[in-house]
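Examination of the molecular architecture
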Amino acid sequence: MLYYLLRRIFYTIPIALGVSLVVFTLVHLAPGDPLSAVVGELDARMLAEMRASFGYDKPLYIQYFVWLGSVATGDLGYSMRSGAPVLGILTDAAANTMAIGVLASALGFSAGILAGMFSGYNHGTWLDKTVSSAAIAGVSMPHYWLAIILVIVFSVQFGWLPAMGFGSESSVFSWNTLRHMILPVLALAAIPCAVVARTTRACVMEILSMEFVEALRARGLSERRILWHVTRNALPVVLAVMGLQFAHLLGGSILVETVFSWPGTGYLLNLAIFDRDMPVLQGTILLLSMFFVFTNLVVDILQSWADPRVSRN
Amino acid sequence: MNPSEGARITVELGVPAGPPAAVEVPVGPGVQRTYWQTVGERLAHDPVTLACGFILLLMVAAAVFAPWLGLPDPYHSNSAIRLLPIGSPGHLLGTDELGRDMLSRLIYGGRLSLAMGIIPVLNALAVGGTLGLVAGFSGGRVNMLIMRVTDVFYAFPSILLAVAIAGSLGAGVANALLAITIVFIPQITRVTESVTTQIRAMDFVEAARASGAGAFAIIRTHILGNVLGPVLVYATVLVSVSIVISAGLSFIGLGASPPAAEWGLMLNTLRDSIFLAPAISLLPGCMIFIASMCFNLISDGLRGAMDVRL
């Protein structure tokens with residue numbers, strides 16, 4: 001177990017380095033000088049000075065190591081637009097994305113697990129068919145479209161909830177802010193809910209068809225005790241899918257945040273792309289992908305805890 | 001969005017295809033069928049898959065033959081007839097915010113939107129499929145190298161990677177296609193590698209090698225036929241994801257640009273009209289949803305018919 005843990009953690013290092021290299025390269029794929037978009041028509045000497053101050057005059061591989069070094073010390077550079085430190089901008093945005101991401105996951109996962117369990121237990125009934133169809137619709141749903149549908153229904157038709165923005169209060173935990181969070185959370189929860197429901201259903205069906213369930217029944221266990229065994233066996237797989245879905249939700253929130261103008265990482269990314277604000281773009285992608293790498297690690301560790309067979313291989 | 005990410009990829013190899021591994025499935029007395037005949041037979045009795053195939057065929061045919069359908073010009077704007085409701089005479093599905101015919105734009109939009117869904121997957125199949133075959137078949141260091149690089153790209157959430165690449169390269173259909181292709185290559189590589197590695201360890205490959213068959217001959221006659229099923233099922237899911245992501249890129253301004261008829265872009269430009277014409281502003285999303293769902297359901301059907309577990 002310990003050996004597995006150490007190996008898994010060690011394996012994350014080259015992946016994280018690779019990811020950082022990809023993020024760095026990506027931004028330098030951009031056509032033209034990242035500065036020229038911001039500076040515009042300036043004389044050559046000033047441009048050269050600015051390039052030097054951002055370190056853009058050095059060879060690329062040196063720039064990479066310099067950048068990696070400063071990232072390691074928590075310095076992500078300064079926004080080309082506002083001049084504010086990227087780290088500060090990013091932590092504010094990440095907190096906002098986390099807020100809707102965590103709520104959406106909690107909602108989507110619990111609904112998905114319940115629906116999946118129910119559907120798997122009542123396999124073949126019309127209720128199971130309804131749940132399965134809803135789940136496949138949810139998986140195929142363009143979530144930005146769902147976001148617009150929610151706005152039309154709840155903001156335009158009924159006028160119950162605000163269509164966009166964050167509310168005026170600075171705290172996330174105010175009623176007004178919560179009201180602004182409801183629609184983005186619903187839009188984000190749909191896909192994780194559907195994916196988890198499908199996985200749970202398949203898992204429960206597979207486990208119920210195994211011989212040990214028959215044996216448990218033969219030994220006279222109550223259905224509730226059997227349900228516990230089924231849950232215990234489905235846990236590792238469902239756990240893995242939930243972890244990935246959570247990370248995907250945070251990384252993919254750009255579309256939903258754009259619809260609702262929710263000031264999270266996705267919205268920040270969108271602004272940075274169209275402003276060609278390279279330090280912010282780089283920082284945001286790096287943070288989100290590193291979070292993804294980290295979640296994968298945590299999921300694998302949790303999975304090996306929930307299912308000891310994983311670490312034995 | 002990512003139905004099989006993280007799941008272990010296993011394949012049912014009960015009925016391998018291709019000679020001499022082709023174990024024909026006896027169905028009834030005296031009737032012998034090949035694997036693909038069995039698959040076709042099963043699909044023919046699957047109404048959901050057939051219906052989805054029919055809808056998609058209709059969508060593709062309408063998109064391809066759009067200029068000959070007698071539709072109004074999808075780019076002709078007329079401010080006098082902005083946002084006509086659905087069912088207006090001459091404009092069956094109404095008009096958009098610039099007075100352009102919606103039906104015509106939705107059908108023409110299928111050209112770009114469906115192409116942007118299918119082309120990245122085909123490209124990724126060519127590149128990722130080859131990489132996966134090479135990695136799986138060679139094993140050892142080559143496998144190590146290819147799969148570790150794949151792991152790095154796999155360590156990004158798909159939408160984030162697509163947005164990051166398209167955003168860095170700049171807006172445009174070609175850049176969006178490239179971005180989505182890069183997102184899918186590692187996914188296809190993984191599936192192909194996993195299946196190839198499993199097949200390579202089977203006795204009939206060993207037998208072929210012992211009888212002197214070369215690497216290419218083995219890949220062509222034994223591996224390809226067996227890899228095809230699982231990869232096809234996976235690729236069909238990816239098309240459904242690809243349609244949603246590529247329209248999403250256009251939706252945030254990173255794919256097609258105005259005045260192009262493209263579902264994601266149309267959904268975006270109609271966002272300002274949700275107060276005046278909510279039904280019309282939802283139509284492009286409806287098309288994305290239907291196309292994506294059909295590919296998902298077809299993938300489910302294929303998975304069942306081919307007995308593939310992904």
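Residues numbered from 1 in each chain as written. Chains lettered and ligands numbered in written order. Predicted model: local features only at pLDDT ≥ 70, side-chain atom pairs only at ≥ 80, totals over all residues. Heavy atoms only, no water.

**As for the packing of aromatic side chains**
Residues and elements named next belong to chain A. On inspection of all chains with the given rule, the structure shows 8 aromatic pairs over all chains. Between Phe24 and Trp67 the ring centres are 5.6 Å apart and the planes differ by 35 degrees, which places this aromatic pair in the tilted class. Taken together, the residues span a long stretch of sequence, with Phe24 in helix α1 (residues 2–29) and Trp67 in helix α4 (residues 60–72) at a distance of 43 residues. The same class applies to Phe24 and to Trp67, which are both buried. An aromatic cluster is present here, built from Phe24, Tyr64, Phe65 and Trp67 joined pairwise through their rings. (Phe/Tyr/Trp six-rings, centres within 6.5 Å; stacked < 30°, edge-to-face > 60°. Helix = DSSP H or I, 4+ residues; strand = E, 2+ residues; numbered from the N terminus. Buried < 20%, exposed > 50% of the residue type's maximum accessible area, 1.4 Å probe, protein only.)

**Comments concerning empty space enclosed by the protein**
All names here are of chain B. Applying the stated criterion across every chain yields a total of 4 cavities of 30 Å³ or more. Counted as a void, the second largest cavity has a volume near 50 Å³. Lining the second largest cavity are 10 residues, with Phe153, Tyr154, Phe156, Val183 and Gln187 sitting closest to its centre. Secondary structure elements with two or more residues in the lining of the second largest cavity: α4 (140–154), α5 (158–169) and α6 (173–200). (1 Å grid on protein atoms, 1.4 Å probe; cavity = no way out; pocket = protein on both sides within 12 Å on 5 of 7 lines; lining within 4 Å. Points joined across faces, edges and corners; volume = space filled by probe spheres on them.)

**Details of the side chain of B:Glu97**
Residue and element names in this part refer to chain B. Turning to its location among the elements, Glu97 is positioned in the loop between α2 (47–64) and α3 (102–138). A relative accessible area of 15% means that Glu97 is categorised as buried. In terms of polar contacts, Glu97 uses its side chain to reach the side chain of Thr269, at 3.5 Å. If we ignore the near neighbours within four places in the chain, the residues touching Glu97 are Arg82, Leu83, Thr269, Leu270 and Ser273. (Polar contact = N/O pair within 3.5 Å; in protein donor to acceptor, adjacent residues only side chain to side chain. Contact = heavy atoms within 4.5 Å.)

**As for helix α10 (residues 223–251) of chain A**
Note on helix geometry: an α-helix contains 3.6 residues per turn, so any two residues three or four positions apart are oriented the same way. Here α10(A) is 29 residues long and its end C-alpha atoms lie 40 Å apart, about the 42 Å a rise of 1.5 Å per residue gives. Of all the bends in α10(A), the greatest reaches close to 45 degrees and is centred on A:Leu235; the proline A:Pro236 follows between one and four positions later. (Expected span 1.5 Å × (residues − 1). Bend = angle between axes of the 7 residues up to and from the residue.)

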